[in-house]
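What follows is the residue order along each chain.
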Amino acid sequence: MDEHTLELLEFSKILDELASLCASPEGAALLRGQPVMTDQGLIEQRISLALEFRAVLESGASVPGFDFLDIDEVTPRLGKQGLQLEGEELAAVGRWILSGLKMKRLIENASPRSVLGSMAAEIPDLSPLSKRIFRVVDHDGQLREKQLPELAAIRDRIRRHREDADRSVRGLLEENAYRGYWQTALPTQRDGRVVLPLKAQYKGRVKGIVHEMSSSGSTLFIEPLEVVEKNNAIVQEESLYRLEMRRILRELTAEVSSRATELDRLVSSVAFLDTLMARARYALQHRCRRVEIGGQSIALREARHPLLGAAVVPVSILLARDLRVLIITGPNTGGKTVSLKTVGLLALMNQFGMEVPSGEGSELPIFDAVLADIGDEQSIEQSLSTFSGHVKNLAAIVKQAGPHSLVLLDELGAGTDPQEGVALAMALLDHFMARGCVVMATTHHGILKNYGATRPGAQNASMGFDPESFAPTYRIQMGVPGESHALEIARRNGMPENVLESAFSYLDDERTDISKLVSHLAERHQRLSQAEEEHAERESELREKRRTTDLKELTLRQKELDLRRHGLRELRDFIEQARKEWDSMKDSPSAPRSPEFGALAAGIQARMEQEEQRIIEERDSLAPAATFVVQEGMEVVIARTGRRGRVLRRDKGPRWIVETETLRLSMLPGELRPAPVMPEQESGVTVSYASMGSTDTPALELYLIGLRVEEAMQKVEKQIDNALVHGLRVFSIVHGKGEGKLRTAVHAYLRSLPLVEDFRFSLPEEGGFGKTIVTLKM
């Protein structure tokens, strides 16, 4: 991605904030090195993982306190012969392992069946290594002497030798013969040896080794001969202590080095998860959403510039796929440049694998480059005027821009003669449009407004301006050019009235008429926008009322159906019991044998058979109605199970014999659905859906009963993807009735998808509240 554009759009500030949200130094360093991607698959994968981490943070799981220290200089050295890490370095490794395992457990507990959970499961468990480290050192890297018997024994001997030396020097200090020889009655140390402060005039009175003289020359620091051997013993033991300490640290370093490969895996995996956690934290803090990507249109709804804080006014920018140029006009300080930067920065954030601060239903294409010319490029050192600086940037953009580039041009055509500037501006717009770029440009030139109104593929937009207060509203009005309102702004900023009157007199009638026309168009556009919003609200209310009415109707039909089925069950049970009693009575020895009794028995038998047949027909009539004509040999799907089968022949009544891979079943037409036709393959051509994101055939009826909510939502998401790939517009989701948690989650997800045109409960005989019919936009 173009570095100059990244600097202009201040993308580094987004990275700085993301890095500050990382828990580990390694995660922050990895995040800063991650590129702005141009591959749609990689972008969607990164965003999906960040969304899964966001779900972990929103699940209510307790996020542990992490204790990551920088070990970037430690891990590359592991495995080198003779390496000895210091205690602080080993403690840093141990603390890194403990924090990494905290992140592993957080994800596994909150989201075990997700892709994120699978990644966490692959992190090696190095807890035995961290326990071994902290048996030797504490969390600050200090040796645990009490748990190391060799060091403890040496330290004990050092203590005893010091006590012995202290007793000797105290005896000398307290001896009457030497009482006036000492500057103080306290011993001190020089180079680790106990010495006494002897007054210089008594030199030679005390036998010993002089280690140092004070700066004034009045004091000699002497090691009495009685203490020399004791000090020698202390020095020897301290040397043994250091040797033993180095041996222990070398052995511990060797153990850490033996797990270097697993440690590298742990660090790299946890650092990557840390970058996802930073993205999730950022999205929660800035109320970000995932945008639909990969299309050809730009639809940013209620988009907010992420660096301007909570007071920023959201903007909505819509550029259909058949439009390539958007020309934004309006007053200075009205928000034109901020709007450009918002679009550019959100495009970069999206391709960095982030959710963006925008409203529901936002869409962004994938750009192979984001190129911008924004701000004052004047440079005294390089002898560049403002216009020359812009032209230099524009020339570079012309060379780099391709069919999938986003080009952002601020104050296009400014800084030079208006006629020549406008001519150059229109030529640049023609060039970028011919290359297939998406261009957003701001300007004050009226001719470019005409370009936006008349040129196919171009559109005007303007920044809102309150005509009463002459203050900007910072809202974008699509399809309408704007006025600069330079004279009104000049009046608000203290321009003398006589100068303004003169300026107004220079505006000719033609210009005045154009301004009135633009003002009239802006007012009309505002009224239309308001009417559209009101219409959308009414439509939403009517749709909700219709859904409520349908729900009540379904409830009544469901109760009616349940009563009919209950009555049929009671009638069937009564007839079966009556048949048993009748068979027992007529076969008993005491039963009459006359022809009249035989005729009566035959009549009763026929009546029972008629009632049984009526029950079967009534039961079959309660089954779902067929939505297609069943024929022998056709491929069908059993609605209840989703299993594919073939119709063999007609069975009794309206039923058909259907053969699946393992069974032959008698089914009613309403229990079947036509199987989706698989695309035919031309000779020598292999049809693959892998590149389209799915290799599975969508189910006509998706069965979710028995699944957890998280598992079910993954199946629903996959079903919708597969349905879009295979062109299946209508399908059903069987979620059951139960407590309603699964149904609520499915409906909430469907309601959030712009691709879903409508969804409703099925008819009572088809499942009622336990099944939802989904219709997609195609």
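An account of the accompanying structure is given in this report. (Residues numbered from 1 in each chain as written. Predicted model: local features only at pLDDT ≥ 70, side-chain atom pairs only at ≥ 80, totals over all residues. Heavy atoms only, no water.)

## Digging into the packing of helix α2 (residues 11-20) against helix α3 (residues 25-33)
Remark: α2 packs on α3, axes separated minimally by 9 Å, with the N-to-C direction vectors making an angle of 155°. Taken as axis vectors, α2 and α3 run roughly antiparallel relative to one another. In the crossing of α2 with α3, the sense of the turn from one axis to the other is right-handed. Contacts from Leu15, Asp16, Leu18 and Ala19 of α2 reach α3 at Ala28, Leu31 and Arg32. Along the lines of polarity and charge, the residues of the contact of α2 with α3 split into five nonpolar, no polar and two charged. (Axes fitted to C-alpha atoms, helices over the stretch in contact; angles between N-to-C directions. Helix = DSSP H or I, 4+ residues; strand = E, 2+ residues; numbered from the N terminus. Parallel < 35°, antiparallel > 145°, perpendicular 65-115°, else oblique. Left-handed = near helix turned anticlockwise from the far one by under 90°. Contact = heavy atoms within 4.5 Å. Nonpolar A, V, L, I, M, F, W, Y, C, P; charged D, E, K, R; others polar.)

## Quick word on the packing of helix α7 (residues 127-136) against helix α9 (residues 225-258)
Contact geometry of α7 with α9 gives a least axis separation of 11 Å together with a crossing angle of 170°. Relative to α9, the element α7 is oriented roughly antiparallel. Touching Leu129, Arg132, Ile133 and Val136 of α7 are Ile248, Leu252, Glu255 and Val256, all from α9.

## Focus: the pairing of strand β11 (residues 405-409)
Remark: a regular strand shows side chains that alternate across the two faces of the sheet. Of all five residues that make up β11, five are buried, and the element is covered over most of its length. Here β11 shows a buried face lined by Ser405, Val407 and Leu409 and a second buried face lined by Leu406 and Leu408. Across five bridges, the pairing between strand β10 (residues 369-373) and β11 is parallel. Paired with Ala369 across the two strands is Ser405, which belongs to β11. As judged from the four bridges shared by β11 and strand β12 (residues 438-442), these two strands associate in the parallel manner. Note that in β12 the partner of Leu409 across the bridge is Ala441. (Buried < 20%, exposed > 50% of the residue type's maximum accessible area, 1.4 Å probe, protein only. Pairing = 2+ DSSP bridges.)

## Structural notes on a negative patch on the surface
On the surface, Glu532, Glu533, Glu534, Glu537 and Glu541 cluster together into a negatively charged patch. Here Glu533 is to be found in helix α17 (residues 509-586). On the basis of relative accessible area, Glu533 is assigned to the exposed category, the value being 55%. (Patch = residues over 30% accessible without salt bridge, like charges linked within 9 Å, V, L, I, M, F, W, Y side chains within 5 Å. Areas by Shrake-Rupley, 256 points an atom, 1.4 Å probe, with all protein chains shown as cover. Salt bridge = Lys/Arg side-chain N within 4 Å of Asp/Glu carboxyl O. Lys, Arg positive; Asp, Glu negative; His and termini not counted. Charge placed at Lys NZ, Arg CZ, Asp CG, Glu CD.)

## Some details on the pattern of salt bridges
With the rule as written, the count across this model stands at 24 salt bridges. Across the pair Arg162 and Glu238 runs a salt bridge whose closest N-O atoms are separated by 2.3 Å. Placement of the pair is Arg162 in helix α8 (residues 149-174) and Glu238 in helix α9, with a sequence separation of 76 residues. What makes Arg162 partly exposed here is its relative accessible area of 23%. Where Arg259 meets Glu262, a salt bridge forms, and the shortest distance between an N and an O atom there is 2.5 Å. Judged by relative accessible area, Arg259 falls into the partly exposed class, the value being 24%. Residue Glu262 is classed as partly exposed on the basis of its relative accessible area, which comes to 27%. A cluster of three or more residues bridged by salt bridges with shared partners is formed by Asp156, Arg159, Arg160 and Glu163.

## Remarks on α2
Because the α-helix completes a turn every 3.6 residues, residues three or four places apart line up on one side. Every buried residue belonging to α2 is among Phe11, Ile14, Leu15, Leu18 and Ala19, and all of these are buried. Looking straight down α2, one finds that the buried residues subtend no more than 135° of arc, so they occupy a single side. Check the buried side of α2 and you find it contacts α1 (3-8), α3, α10 (260-285) and α11 (336-351). (Arc of directions from axis to C-beta.)

## As for the sheet that holds strand β20 (residues 701-703)
Pairing is mixed in the open sheet, where four strands are placed in the order β20-β21-β23-β22. At either end of the open sheet lies a strand with only one pairing partner, and these are β20 and β22 (756-761). Direction aside, neighbouring strands of the sheet carry axes that sit 20° apart on average. Where strand β21 (residues 730-734) lies against strand β23 (residues 771-776), five bridges are found, and the strand directions are antiparallel. By the bridge assignment, Ser732 is partnered in β23 with Ile773. Packing against the sheet, helix α19 (residues 709-726) makes contact with β20, β21 and β23, and its axis sits at approximately 165° to β21. Against the sheet, helix α20 (residues 741-752) engages β21, β22 and β23, with an angle of about 155° to β22.

Function cannot be inferred from these measures alone, as they are strictly geometric.
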